[in-house]
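Notes for the structure review
Single-letter residue listing:
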Amino acid sequence: MTRLADRFLDFSRTLSSKERQAFEARRARLNGQFGEAAANATAAMSDYLGAPGLLATEGLRIRTPFCRLEKPIPEGEVSDRRAPKRALRPPATMISSSKGAALRVYLTALAAAQIKNRPGRRVTLDMPLATFSRERGWNDLVATPAVTSGRGKTTSTIREKKARTLHTALDTLEEAKLVHLPGTPGKRGRYEGFSLLDEAGWQHSGDPLPYTVPPKGEDYFALPVGFVTSGWLHVLEDSEITLLLMVACRRGTLAAMGDEPDIAQGEVAIPADVRLRCYGIHRDPFSTARKTLEWFKLLGVREMDRRDDGRAEDAANRLHRLSLLKDGFEPTALDVLRETIDRQLSRV
């Protein structure tokens, strides 16, 4: 078990002015309504769904095509100076956003499906989208910074705002062919009773495939159970989540061959070309997320030879070696983020 106090022996460089500004804004969110909503969503997942079943023993199973393309984006369509077009990316980075909730909603639905359903069977999700009673709904399992506003007849409640966030997220997921919405666009009840589709999303040709929990033998990987049960799902940025997916997936990593390249067990070394063309992850969000995940003790980073400007050459012996730190997902995410951000901001 990882002790919270043991996570903060930090000998890395101090924050840049841009990083400091981002952390200050993030601290304000975590100490405000969003932090309270994240804690409530984590508790609701545990309370409503009960024992995490398969999730507890296997972690969150995710099919590889969700985060990695089988056919890389054509070279002429990408550059590490700009992000690939959304329409060309794998579903995970296609639906990711700095402000939206689509990625977190889909992963929450996968977790719910794997708690309630057996591998290989078609999934049913019997929870209402949003409720205005004591009954649990999907709105209870998603964290947003919404606060009640207005007064009298113009009052807009947190639940109403969360419902709108869910609607927007489900529209995004439908566009990526990750969910089926049974209702008619613009009509009341359009989003109720939505069903999950296979993680490959738009990559699957032909009729959409209904989602099933991945059985043994399929091409999938798993995130640690604490990603869901400790609340990391709610408080990490989308760019951080997609990087974790890439490292957990491991596909496209260079293989150790004797001493060349130097890759330890559990590590991956993903070339920039693979990161960009197969995972749809641009250099800038990768660099930022790699550092924050290292500070949060979720990602092990072994830096290799550096250029004078601090960047790694894209060569086998100079790529970052990345590894998932499974014990790091055990502590409560909200506590870790608050303490880590406070500590980093106090360093000068």
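Residues numbered from 1 in each chain as written. Predicted model: local features only at pLDDT ≥ 70, side-chain atom pairs only at ≥ 80, totals over all residues. Heavy atoms only, no water.

1. A word on the overall build of the chain
If you tally the helices and strands in the chain, you get 12 helices and 6 strands. For the chain, the residues scored as buried account for 48% of the 348 residues in total. (Helix = DSSP H or I, 4+ residues; strand = E, 2+ residues; numbered from the N terminus. Buried < 20%, exposed > 50% of the residue type's maximum accessible area, 1.4 Å probe, protein only.)

2. Comments concerning the state of the cysteines
In this structure the tally under the stated criterion is 0 disulfides. Cys67 takes part in no disulfide bond, and the closest cysteine sulfur to it belongs to Cys249, at a distance of 4.1 Å. In this structure Cys67 comes out as buried when scored by relative accessible area, which is 3%. (Disulfide = S-S within 2.5 Å.)

3. A closer look at the packing of helix 5 (residues 102-116) against helix 6 (residues 158-175)
With their axes 9 Å apart at the nearest point, helix 5 and helix 6 run at an angle of 80° to one another. Taken together, the axes of helix 5 and helix 6 are roughly perpendicular relative to one another. The segment helix 5 lies against helix 6, with Ala102, Val105 and Tyr106 engaging Leu166, Ala169, Thr172 and Leu173. Looking at the contact of helix 5 with helix 6 residue by residue, the class counts come to 6 nonpolar, 1 polar and no charged. (Axes fitted to C-alpha atoms, helices over the stretch in contact; angles between N-to-C directions. Parallel < 35°, antiparallel > 145°, perpendicular 65-115°, else oblique. Contact = heavy atoms within 4.5 Å. Nonpolar A, V, L, I, M, F, W, Y, C, P; charged D, E, K, R; others polar.)

4. Considerations on the environment of Thr229
Examined against the element boundaries, Thr229 turns out to sit in helix 7 (residues 226-229). Residue classification places Thr229 among the partly exposed positions, given a relative accessible area of 40%. Each C-alpha atom, one on Thr229 and one on Phe329, is 8.9 Å from the other, the two residues being 100 residues apart in sequence.

5. Examining the pairing of strand 1 (residues 60-63)
Alternating residues of strand 1 divide into Leu60 and Ile62 and Arg61 and Arg63, and every residue in both groups is buried. Bridging between strand 1 and strand 4 (residues 220-223) involves 4 bridges; their strand directions are antiparallel. Of the residues in strand 4, the one forming a bridge with Leu60 is Leu223. (Pairing = 2+ DSSP bridges.)

6. Regarding the pattern of salt bridges
Summed over the entire model, instances satisfying the criterion amount to 20 salt bridges. Between Asp342 and Arg27 there is a salt bridge, and its shortest N-O distance comes to 3.1 Å. Of the two residues, Asp342 sits in helix 12 (residues 333-346) while Arg27 sits in helix 1 (residues 17-30), which places them 315 residues apart along the sequence. Accessibility expressed as a relative area gives 35% for Asp342, which makes it partly exposed. Under the relative-accessibility criterion, Arg27 is labelled partly exposed at 30%. The closest approach of N and O atoms between Asp273 and Arg277, which form a salt bridge, is 3.3 Å. One end of the pair, Asp273, and the other, Arg277, are both in helix 10 (residues 272-277), 4 residues apart, so they sit about a helical turn from each other. The exposure class assigned to Arg277 is buried, which follows from its relative accessible area of 14%. (Salt bridge = Lys/Arg side-chain N within 4 Å of Asp/Glu carboxyl O.)

7. Remarks on the packing of aromatic side chains
Following the criterion strictly, the structure yields 4 aromatic pairs and no others. Judged by centre distance (5.5 Å) and plane angle (50°), the ring pair of Trp138 and Phe194 falls under tilted. With a gap of 56 residues between them, Trp138 in the loop between helix 5 and helix 6 and Phe194 in the loop between strand 2 (179-180) and strand 3 (195-196) connect regions that are remote in the sequence. One Lys or Arg, Arg190, reaches over the ring of Tyr191 and ends 5.5 Å from the middle of that ring. Here the basic side chain of Arg275 rests over the ring of Phe286, its NZ or CZ set 4.8 Å away from the ring centre. (Phe/Tyr/Trp six-rings, centres within 6.5 Å; stacked < 30°, edge-to-face > 60°. Lys NZ or Arg CZ within 6 Å of the ring centre and 35° of its normal.)

8. Side note on helix 5
For helix 5, spanning 15 residues, the distance from its first C-alpha to its last is 21 Å, which sits close to the expected 21 Å at 1.5 Å a residue. Along helix 5, 14 of the 15 residues are buried, which leaves the element largely enclosed by surrounding structure. (Expected span 1.5 Å × (residues − 1).)

9. Considering the packing of helix 5 against helix 9 (residues 238-249)
Following both chains from N to C, one finds helix 5 and helix 9 inclined at 50°, their axes separated by 10 Å at the closest point. Considering their axes alone, helix 5 and helix 9 lie oblique with respect to each other. Contacts between helix 5 and helix 9 pair Leu103, Arg104 and Leu107 from the former with Asp238, Ile241 and Thr242 from the latter. The class makeup of the residues in the contact of helix 5 with helix 9 is 3 nonpolar, 1 polar and 2 charged.

10. Quick look at the confidence of the model for the chain
When pLDDT is low, close inspection of the predicted coordinates is not appropriate. Confidence along the chain averages 86 in pLDDT terms, with 85% of residues attaining 70 or more. Note on residues 1-9: pLDDT is under 50 here. Beyond four places in sequence and across chains, it has 22 contacts. (pLDDT = per-residue confidence, 0-100.)

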